[in-house]
Amino acid sequence: MGFFRKTKDIVTLFHKASSPGSKRVAALLKQVQVEAAEKDLRPEFDLEVSEQDPTIDQVKTILDYVGQTGISSVIKGATTENEALQQFKKSADSFQKPLVVDWASGKAHVGENESEILKMLNALPKK
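The name an unreviewed UniProt entry assigns to the protein is Thioredoxin-like protein, from the organism Triangularia verruculosa. If you open the UniProt record of the protein and go to Function (unreviewed entry), you find "Putative mitochondrial redox protein which could be involved in the reduction of small toxic molecules."

So this is what it looks like as structure tokens:
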């Protein structure tokens, strides 16, 4: 008789290597990931660190996650989803990094606020 093993949630960091804040967030995520595996304190997750810009579909999903009030924190200069998508299509540099996304839980956080990132990670479903 077999059993199904739950796959780990995927957490993506949209990263800008030249940004000190983005480097700190990457280091934090890697540290938390290692601690989760070693000490079983938090749910384990697979970390994707991407220096590539997100796809337009990923941007749409992220905008849904952050809601109307979070749009301007994701896309510089935008206040509506349509503005954000137009701005992103014109210039991918308008996408703010670092940005951490928990795809399974439908959450995203822009910036380097460690306590907010840790709160998001601690809310991941337990193994």
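From this point on, the discussion continues.
1. Some words on the overall build of the protein
Looking only at helices and strands, the protein has five helices and four strands in total. The N-to-C order of helical and strand elements in the protein reads β-α-β-α-α-α-β-β-α. Buried positions account for 37% of the 127 residues belonging to the protein. Put simply, 56% of the contacts in the protein that link residues at least 6 apart link residues at least 24 apart. Working note: accessible area of the protein is about 7,600 Å², and carbon and sulfur atoms make up 49% of it.

2. Brief notes about the packing of aromatic side chains
Under the criterion given, the structure shown has three aromatic pairs. With centroids separated by 6.2 Å and ring planes inclined at 70°, the aromatic side chains of Phe-88 and Phe-95 adopt a geometry described as edge-to-face. You'll find Phe-88 and Phe-95 in the same group, each marked buried. Aromatic ring contacts, followed pair by pair, group Phe-14, Phe-88 and Phe-95 into a single cluster.

3. Regarding the environment of Val-100
Here Val-100 shows up in strand β3 (residues 99-102). For Val-100 and Val-110, which are ten residues apart along the polypeptide, the C-alpha to C-alpha distance reads 6.5 Å. If we skip the residues at most four places from it in the chain, Val-100 touches Val-11, Thr-12, Leu-13, Val-25, Leu-29, Lys-107, Ala-108, His-109, Ile-117 and Met-120.

Thresholds applied
Residues numbered from 1 in each chain as written. Predicted model: local features only at pLDDT ≥ 70, side-chain atom pairs only at ≥ 80, totals over all residues. Heavy atoms only, no water. UniProt positions renumbered as here; feature names shortened; annotations may be inferred. Helix = DSSP H or I, 4+ residues; strand = E, 2+ residues; numbered from the N terminus. Buried < 20%, exposed > 50% of the residue type's maximum accessible area, 1.4 Å probe, protein only. Contact = heavy atoms within 4.5 Å. Areas by Shrake-Rupley, 256 points an atom, 1.4 Å probe, with all protein chains shown as cover. Phe/Tyr/Trp six-rings, centres within 6.5 Å; stacked < 30°, edge-to-face > 60°.

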